[in-house]
Amino acid sequence: MVNSISKEKLIKYCDFAIEWGLILFAVGCAWSITLTQLGFFVGLIAWVVKMLTEEKKYYTKTPLDTAILLFIAATILSTILSINMHNSVGGMFKTVGLMLIYFFVSNNVKSLEQAKKLVLLIIFSATFESIYGIIKYWTGGGWKLEGTFSLSLTLAEILIMVISIIIPFLINFKNEGKILSKRVLMPCTILISIALVFTFARGAWLGIAVSLIILGILKSKKLILIFTIIAVIFICVASFFPTSTLGGRIRSIVEPESNFERICMWKSGIEMIKDHPLGIGLENVGQLYPLYKMPEAYYPHQGHLHNNFIQIVVERGMLGGLAFLWMIFCFYRWGVTSLKKASDEFLKSLLLGFLAAFSAFLVSGIFEYNFGDSEVIMLVWFLTAITAKSVILKSST
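Keep in mind it's a predicted model, so treat the numbers as computed, not measured. (Residues numbered from 1 in each chain as written. Predicted model: local features only at pLDDT ≥ 70, side-chain atom pairs only at ≥ 80, totals over all residues. Heavy atoms only, no water.)

Draft legend 1. Local environment of the overall build of the chain. Helix and strand counts for the chain come out as 15 helices and zero strands. Taken over the C-alpha trace, the chain has a radius of gyration of 22 Å; the compact-globule value for 397 residues is 21 Å, and the two agree within 12%. C-alpha extents for the chain along the principal axes are approximately 65 × 55 × 40 Å. Here the contacts in the chain between residues at least 6 apart in sequence split such that 74% fall between residues at least 24 apart. In the form shown here, the chain has an accessible surface area of approximately 18,000 Å², with 69% of it arising from carbon and sulfur atoms. Mean positive and mean negative side-chain charge positions of the chain (34 and 24 charges, respectively) differ by 9 Å. (Helix = DSSP H or I, 4+ residues; strand = E, 2+ residues; numbered from the N terminus. Rg over C-alpha atoms; globule rule 2.2 N^0.38 Å. Contact = heavy atoms within 4.5 Å. Areas by Shrake-Rupley, 256 points an atom, 1.4 Å probe, with all protein chains shown as cover. Lys, Arg positive; Asp, Glu negative; His and termini not counted. Charge placed at Lys NZ, Arg CZ, Asp CG, Glu CD.)

Right under this line is the structure:
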């Protein structure tokens with residue numbers, strides 16, 4: 001290969017493929033998993049080819065590497081100990097493969113300017129998906145706003161993270177002449193927020209509520225006031241329009257019967273943990289669930305347990321659960337420490353957005369296994385990597 005084409009040209013082509021891989025990922029993250037995966041795989045292959053061609057490791061160590069690698073190790077161990085390794089091997093490759101997004105992005109974003117462009121592309125991607133979803137919904141596209149996704153919940157999970165990223169730029173970033181300005185971001189926020197409401201995803205609503213509270217604590221108390229106003233509006237809708245779809249979904253957040261099946265699943269998961277403290281392996285919940293189904297539960301089969309923490313401990317065991325909690329702790333410790341040290345406006349806004357977005361993801365994950373949703377977790381790793389690399393780039397200047 002190197003004989004037919006000079007090393008310099010090959011490396012140049014690899015750099016081009018990496019750059020456009022990142023762009024395709026950001027453009028497709030809110031509406032096309034095909035485009036997102038294409039960008040990732042093209043960029044990843046180009047990165048590997050570049051390293052092999054130059055016989056040089058293009059690797060940048062980040063403060064989060066150890067925690068992520070520890071969780072990967074726990075995932076691999078749970079596969080070795082799986083009750084059905086045939087099922088778990090596929091799940092392991094999928095999980096670890098998606099986690100490579102973090103290492104690919106953190107090693108190939110080369111400047112803060114590139115990071116800004118990628119963040120902007122993510123915001124625009126979510127905005128255009130929201131516009132499409134709103135049009136589709138209001139022209140008879142079903143009772144939930146789904147956009148291009150098969151599940152409204154997947155779209156909602158993505159939207160709460162993007163809103164969380166946008167808000168700090170609205171309240172913190174002062175360069176009005178730049179494209180990351182209030183005049184650009186405010187319409188995006190409104191459109192994405194409207195789309196989020198009509199996904200009727202209750203867990204995502206709670207996620208964005210916690211995101212606003214965290215941003216209020218870390219940056220602006222006005223956001224807590226905004227959260228309070230929104231909460232009052234939601235309560236009024238639920239009280240005065242109880243039979244409407246929106247009112248019904250709001251009321252169901254606190255109605256025990258609407259959450260009954262989830263609670264049954266969580267109880268079943270706890271029983272699985274008691275019997276399998278080392279984990280059952282990935283993709284095996286569906287196999288065991290009928291044996292652990294609560295007598296009062298309605299559905300006899302479940303593929304996952306609608307809770308990140310319970311699902312991860314069931315599959316990866318207590319060690320995997322501890323690795324997951326350690327990874328979360330490391331993310332927050334690093335994020336808060338970096339925020340305290342940051343002086344650059346873009347970096348402060350990005351760190352605030354990351355902490356809020358990650359919190360929204362985790363809160364929503366109490367009610368849904370969003371860690372296992374490819375579209376959602378790909379965006380989590382992408383945002384985490386961009387933020388981590390931006391901190392490194394700024395500290396090196």
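Draft legend 2. Structural detail: the side chain of Thr199. Relative to the assigned elements, Thr199 resides in the loop between helix 7 (182-197) and helix 8 (202-218). Excluding residues that lie within four positions of it along the chain, Thr199 makes contacts with Lys144, Leu145, Ser152, Leu155 and Ala156.

Draft legend 3. Just the pattern of salt bridges, in detail. According to the stated counting rule, one finds five salt bridges in the structure shown. The salt bridge involving Arg316 is made with Glu315; its shortest N-O contact spans 3.5 Å. Residue class for Arg316 comes out buried when judged on its relative accessible area of 2%. The partner of Asp344 in a salt bridge is Lys394, with the nearest N and O atoms 3.8 Å apart. Of this pair, Asp344 sits in the loop between helix 13 (308-341) and helix 14 (345-364) while Lys394 sits in helix 15 (residues 374-395), and the two are 50 residues apart along the sequence. (Salt bridge = Lys/Arg side-chain N within 4 Å of Asp/Glu carboxyl O. Buried < 20%, exposed > 50% of the residue type's maximum accessible area, 1.4 Å probe, protein only.)

Draft legend 4. Expanded view of the environment of Leu278. Here Leu278 lies in the loop between helix 11 (260-275) and helix 12 (285-292). With residues near it in sequence (within four places) discarded, Leu278 still touches Leu81, Arg316 and Gly317.

Draft legend 5. Region of the structure containing the nonpolar core. Of all hydrophobic cores here, the largest spans 108 residues; its most connected members are Ile68, Trp381 and Phe382. Contact partners of Phe382, with chain neighbours within four places excluded, come to Leu22, Phe25, Ala26, Ile101, Val105, Leu118 and Ile122. With 15 residues, the next largest nonpolar core counts Met272, Ile280, Tyr289 and Tyr292 among its residues. (Core = buried A, V, L, I, M, F, W, Y, C linked by side-chain atoms within 4.5 Å.)

Draft legend 6. Focus on the packing of helix 13 against helix 14. Where helix 13 contacts helix 14, the two axes come as close as 11 Å, and the packing angle between them is 160°. As judged from the angle between their axes, helix 13 and helix 14 are roughly antiparallel. Between helix 13 and helix 14 the crossing geometry is left-handed. Along the contact surface, helix 13 presents Asn308, Phe309, Ile328, Phe331, Tyr332, Trp334, Gly335, Val336, Ser338 and Leu339, while helix 14 presents Lys348, Leu351, Leu352, Phe354, Leu355, Phe358, Ser359, Phe361 and Leu362. (Axes fitted to C-alpha atoms, helices over the stretch in contact; angles between N-to-C directions. Parallel < 35°, antiparallel > 145°, perpendicular 65-115°, else oblique. Left-handed = near helix turned anticlockwise from the far one by under 90°.)

Draft legend 7. Structural view of the side chain of Asn308. Position of Asn308 relative to the elements: it lies in helix 13. If near-sequence neighbours (up to four positions away) are discounted, Asn308 is found in contact with Phe361, Gly365, Glu368, Tyr369, Asn370 and Phe371.

Draft legend 8. The environment of Ile23, seen in detail. Tracing the sequence through the fold places Ile23 in helix 1 (residues 7-28). The sequence separation of Ile23 and Met272 amounts to 249 residues, and the corresponding C-alpha distance is 42 Å. Aside from chain neighbours lying at most four places away, what touches Ile23 is Leu118 and Leu121.

Draft legend 9. Local environment of a nonpolar patch on the surface. A contiguous nonpolar patch, built from Ile76, Leu77, Ile80, Leu81, Met85, Leu278, Leu319, Leu322 and Leu325 and spanning about 840 Å² of accessible area, is present on the exposed surface. Secondary structure elements with two or more residues in the nonpolar patch: helix 3 (65-80) and helix 13. Structurally, Leu325 can be placed in helix 13. Since its relative accessible area comes to 47%, Leu325 is described here as partly exposed. (Patch = residues over 30% accessible without salt bridge, like charges linked within 9 Å, V, L, I, M, F, W, Y side chains within 5 Å.)

Draft legend 10. Quick peek at the packing of aromatic side chains. Scanning the entire structure with this criterion turns up 26 aromatic pairs. Taken together, a centroid distance of 5.2 Å and an interplanar angle of 45° make the contact between Phe331 and Phe358 tilted. With Phe331 in helix 13 and Phe358 in helix 14, the pair connects residues that are 27 residues apart, well separated along the chain. Considered together, Phe331 and Phe358 belong to a single accessibility category, that of buried residues. Among the aromatic residues, those joined into a ring-pair cluster are Phe331, Tyr332, Trp334, Phe354, Phe358, Phe361 and Trp381. (Phe/Tyr/Trp six-rings, centres within 6.5 Å; stacked < 30°, edge-to-face > 60°.)

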